[in-house]
Amino acid sequence: MSYIRIALNLPLDQLFTYQVSPEFKGEIEIGQRVLVPFRNRKKVGVVIEITKGKLPQKNIREIIQVIDEIPVFSQTLLKLAYWIKDYYFCSLGQILYTFYPFPYPLKLVNGGSKSLLSFYSEKRKSEKTKDKEDHSIFFLKKSDAKSSIGFCLDRIKDCQEQGKQVAWIVPEVNQIFSLEEILKKEYSGEMVTFYSRLSGRQRYDRWSKMRWGEVGLAVGTRSLVFTPFPFLGLLILEDEENPAYKQKEVPRYNAREIVTKRGEVEDFPVILTSQSPSLESWFKIDQGQWRGLLGGKKSKTPRISLIDLRQEKRQMLSELLKRKISSCLQKNQVPLLFLKHRGYAKFLLCRDCGEVIRCPNCNIGLTFHLKNLLRCHYCNYQINVPQYCPACGGRWLSPMGTGTQRLEREVHRQFPGTVIQRIDSDKEIFPISRWVEKLRRKEINILIGTRLVIKEEILSWISLTGVVLMDSLLNLPDFRATERAFQLLIRICRGMNKESELIIQTFNPTHYVLRGLGEKQEQFYLQETQIRRELNYPPFIHWERILWEGKDREKVNQVGEEMERRLREIKTEFLGPSPCPFPKLRGKYRSQLMLKIKDPLRENKILRQRIGSLLSSLSNLRVTIDVDPLNML
DNA sequence: AGCACGCCGACT
DNA sequence: GTCGGCGTGCTC
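Residues numbered from 1 in each chain as written. Chains lettered and ligands numbered in written order. Predicted model: local features only at pLDDT ≥ 70, side-chain atom pairs only at ≥ 80, totals over all residues. Heavy atoms only, no water.

Undergrad: Any details on the sheet that holds strand β10 (residues 232-237)? Residues and values, ideally.
TA: What links the strands of a sheet is backbone hydrogen bonding, and the strands pair in either a parallel or an antiparallel sense. Strands sit in the order β8-β9-β7-β10-β11-β6-β12 across an open sheet of seven strands; the sheet is parallel. Each end of this open sheet is capped by a strand with a single partner; those strands are β8 (191-194) and β12 (291-295). Across the sheet, the axes of successive neighbouring strands diverge by a mean angle of 20 degrees, strand direction being ignored. Where β8 and strand β9 (residues 217-220) come together, four bridges link them in parallel fashion. Following the sheet pairing, methionine 191 is matched in β9 by leucine 217. (Pairing = 2+ DSSP bridges. Helix = DSSP H or I, 4+ residues; strand = E, 2+ residues; numbered from the N terminus. Axes fitted to C-alpha atoms, helices over the stretch in contact; angles between N-to-C directions.)

Now the structure itself:
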């Protein structure tokens, strides 16, 4: 008698056992999909273990059908799946479902072609004799958005000669097409693009081509990282710091981590690129774990002027910025005014010294609440609004963080008769080509935008950017606020056309983010690393956020207390528990806890035991865990 | 996650 | 009377 253990797409940390009737014997392989009866329905599962011998329990049901003739998932891909499961706290079945995201009737046939089959088995033979390859991680620091293309093309051509496949991953769908256009001219092999917006049929056809080794080059978004390429020789991940690489739903993976892990597991090189590396990546290069390379010519630097808002009259546009806008308009150029999105998290700023009131534990800006209260979103520290600035004793403390529409009105007033275009919501930004077309036809005089407008295609039309209130970027209640502000400024600097100018209005002109612009970028990273080290923040630890919500406020609070107790027992460091920034959402009370984890793989195991049992005993609470969250709000 | 079971309120 | 709301429990 033989039976199999399979993974199902359920949020359950367990495998299910089924019996294999004699008719399927010898057909079953690990990594194959099978159709099984589950409750009163049919479900697709992936074979994880095959065991011969006595059945481990009674009432084991039989599989209905073997779906694939050849396993969809190789042993190495399964190894990757196991790693993701342990790292990101989800079930094996959920991951395998994201590896193979097609509904059941799509059956993986071998294209009806024998040649493909033998192709595949030949590959398997050669795999055993293959030499050890260099699976280093290369990090390409780009001087501008496009400077990775030349470098990567050479590597892609090398792969083409060796009959290996390459996957090039970009953060956003619209970046695929411009890259595709360039690569079409340079790459002579078969190429596909891959992204979720394609129809099911299209996605499946392209996926099959990749899977059967019929294409040499694939360009796509983050899910491309899971494609079971049989001959993968290189993975490229463009703009590694982009938060779009983090999936917001289960499994909450970051494609950057998967790419490097897959390179390690399958033993091929990986290239990450960026104009403005994440601190985590910069640190790995600095530590010598990854190999840093420089791409492109020396970067251009615009003229940068800092406006000290403490010296200015209380208005949104300084005299200098207004003058520059005027001269821009005279030259028929389009100035860009940048600001943060409609401020939802207000902070309290001292107009004398330019500092913001910060949490003494967490160093992030305290959030200004109604009723005279300042609160830390990380550790729940609270104080009443002080009368004097704790840093300089100044009395003029004012709440900041609003005013998108106000700026538009202000610009209208200052520059009557001009066409002002505001771009600040996702709906409007796509397609970007619409705005580019308007810029080309000179239908816009002044552009006002949030970070959505900081795209290469738009910036190349701009020669003057005014950052209206730098402080709203620097003082967001997120420990990555300074890093993100720095990256944004770098991208603006690199993206604007030549002989451009950047004007930054701020209450804090000596901030290290601003000193790090231009030639001294390493300075910024060194200083930021120092701060992260002192506060024990990433890259020195990993955050894991546990969030739970329920209708019963008391119960939500009790769970917090119980979790606190258990975490103390296993000596895990954590912040909170504290109510979420939106403490009541859709009628449910929400609390969260932030764990500081040194070694996720090791510590998650312990957490699964200690916290997992608590969580499963609480039926009417919904719990989510996010490893390496990018958004701490 | 689904899906069934079961226990309560408001309907032709 | 019963239709249907959703809290609870289980899945080889």
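There is more to say, and it comes next.
Undergrad: So what's going on with the packing of aromatic side chains? Which residues, and what values?
TA: The final tally for this structure, using the stated rule, is 26 aromatic pairs. Here the aromatic rings of phenylalanine 139 and tryptophan 290 are separated by 6.3 Å at their centres, their planes lie at 15 degrees, and the arrangement is stacked. One end of the pair, phenylalanine 139, is in strand β6 (residues 137-142); the other, tryptophan 290, is in the loop between α8 (279-286) and β12, with 151 residues separating them in the sequence. Accessibility expressed as a relative area gives 8% for tryptophan 290, which makes it buried. Aromatic pair phenylalanine 486 and phenylalanine 524: ring centres 4.0 Å apart, planes at 15 degrees, arrangement stacked. Of this pair, phenylalanine 486 sits in helix α15 (residues 481-495) while phenylalanine 524 sits in helix α17 (residues 521-535); the two residues are 38 residues apart in sequence, bridging distant segments of the chain. (Phe/Tyr/Trp six-rings, centres within 6.5 Å; stacked < 30°, edge-to-face > 60°. Buried < 20%, exposed > 50% of the residue type's maximum accessible area, 1.4 Å probe, protein only.)

Undergrad: Lay out the domain arrangement of chain A with the relevant residues and their values.
TA: Domains assigned within chain A are domain 1 (2-99), domain 2 (112-295), domain 3 (303-345 + 401-531) and domain 4 (542-627). Inter-centroid distance (C-alpha atoms) of domain 1 to domain 2 is 28 Å. Buried surface at the junction of domain 1 and domain 2, summed over both partners, amounts to about 1,700 Å²; 73% is from carbon and sulfur atoms. Of all residues in domain 1, Ile70, Leu80 and Tyr88 bury the most surface against domain 2, accounting for 33% of the area lost on that side. Taken together, the connections running from domain 1 to domain 2 amount to zero salt bridges. For the pair domain 1 and domain 2, the number of links is two residue pairs in polar contact (both at pLDDT 80 or more). Contributions of two or more residues to the side of domain 1 that touches domain 2 are made by α1 (75-88) and α2 (92-99). For the side of domain 1 that touches domain 2, the leading source of residues is α1, giving seven residues. (Domains from an automatic or database assignment. Buried area = accessible area lost by both parts, 1.4 Å probe. Salt bridge = Lys/Arg side-chain N within 4 Å of Asp/Glu carboxyl O. Polar contact = N/O pair within 3.5 Å; in protein donor to acceptor, adjacent residues only side chain to side chain.)

Undergrad: Can you tell me about the protein's contact with DNA strand C, naming the residues and giving the values?
TA: In the neighbourhood of DNA strand C, 13 residues make up the surrounding shell, with Thr17, Phe38, Arg39, Lys551 and Asn620 lying closest. Each atom of DNA strand C within 4 Å of the protein was assigned to sugar, phosphate or base; sugar and phosphate come to 53%. Between tyrosine 18 and DNA strand C, the recorded distance is 3.5 Å, taken from a side-chain N or O atom to a phosphate oxygen. Elements with a minimum of two residues in the surface near DNA strand C: β2 (16-19) and β3 (33-38). Broken down by element, the surface near DNA strand C gets its largest block of residues, three residues, from β2. Here the residues of the surface near DNA strand C sort into five nonpolar, five polar and three charged. (Near = heavy atom within 4 Å. Nonpolar A, V, L, I, M, F, W, Y, C, P; charged D, E, K, R; others polar.)

Undergrad: Give me the lowdown on the protein's contact with DNA strand B, citing residues and values where you can.
TA: Every residue near DNA strand B is listed here: Leu10, Pro11, Arg39, Asn40 and Arg41. A breakdown of the atoms of DNA strand B within 4 Å of the protein gives sugar and phosphate a share of 44%. Arginine 39 has a polar side-chain atom sitting 3.2 Å from a base nitrogen of DNA strand B. At a separation of 2.8 Å, a phosphate oxygen of DNA strand B approaches a polar side-chain atom of arginine 41.

Undergrad: If you had to explain the packing of α1 against α2 to someone new, which residues and values would you point to?
TA: Across the interface, α1 lies against α2 with an axial gap of 9 Å and an inter-helix angle of 125 degrees. Here α1 is positioned oblique relative to α2, judged by the angle of their axes. Of the two possible hands of crossing, α1 and α2 adopt the one that is right-handed. Of α2, the residues touching α1 (which contributes Leu77, Leu78, Leu80, Ala81, Tyr82, Ile84 and Lys85) are Leu92, Ile95, Leu96 and Phe99. Here the contact of α1 with α2 is composed, by residue class, of ten nonpolar, no polar and one charged. (Parallel < 35°, antiparallel > 145°, perpendicular 65-115°, else oblique. Left-handed = near helix turned anticlockwise from the far one by under 90°. Contact = heavy atoms within 4.5 Å.)

Undergrad: Go over the nonpolar core, please, and point to the residues and values.
TA: Core analysis: the biggest nonpolar cluster contains 67 residues, and Phe73, Ile84, Tyr88, Leu96, Phe99, Leu235 and Ile258 have the highest contact counts within it. For this core, the element with the highest residue contribution is α1, accounting for eight residues. For leucine 96, the residues in contact, after removing those within four places along its chain, are Ala7, Val46, Ile48, Phe73, Leu78 and Ala81. Core analysis: the second largest hydrophobic core is formed by 40 residues, Trp435, Ala485, Tyr512 and Val513 among them. (Core = buried A, V, L, I, M, F, W, Y, C linked by side-chain atoms within 4.5 Å.)

Undergrad: Can you explain the pattern of salt bridges? Please cite residues and give values.
TA: With the rule as written, the count across this model stands at 39 salt bridges. With a shortest N-O distance of 3.0 Å, aspartate 13 and lysine 85 are connected by a salt bridge. Taken together, the residues aspartate 13 in the loop between β1 (2-8) and β2 and lysine 85 in helix α1 connect sequence positions 72 residues apart. Overall, aspartate 13 belongs to the partly exposed group, its relative accessible area being 47%.

Undergrad: Can you tell me about the side chain of serine 274, naming the residues and giving the values?
TA: Residue placement: serine 274 occurs in strand β11 (residues 270-274). For serine 274, the side chain forms a polar contact with the main-chain nitrogen of serine 276, separated by 2.9 Å. Those residues in contact with serine 274 that sit more than four places away from it in its chain are Phe139, Leu140, Lys141, Lys142, Asp239, Glu240 and Glu241.

Undergrad: For helix α5 (residues 173-186), give the residues involved together with the corresponding values.
TA: Between the first and last C-alpha of α5 there are 21 Å, a value that for 14 residues agrees with the 20 Å anticipated at 1.5 Å per step. Those residues of α5 that fall on the buried side of the exposure criterion are Val173, Ile176, Leu179, Glu180 and Leu183. On its buried side, α5 packs onto α4 (148-161), β7 (165-169), β8 and β9. (Expected span 1.5 Å × (residues − 1).)

Undergrad: Break down the packing of α1 against helix α7 (residues 255-266) for me, with residues and values.
TA: Between α1 and α7, the least distance of the axes is 10 Å, while the angle of their chain directions is 140 degrees. In terms of axis orientation, α1 runs oblique to α7. Here the hand of the crossing between α1 and α7 comes out right-handed. Across the interface between the two elements, Thr76, Leu77, Lys79, Leu80, Trp83, Ile84 and Tyr88 of α1 pack against Glu257, Ile258, Lys261, Arg262, Val265 and Glu266 of α7. Residue classes in the contact of α1 with α7 are distributed as seven nonpolar, one polar and five charged.

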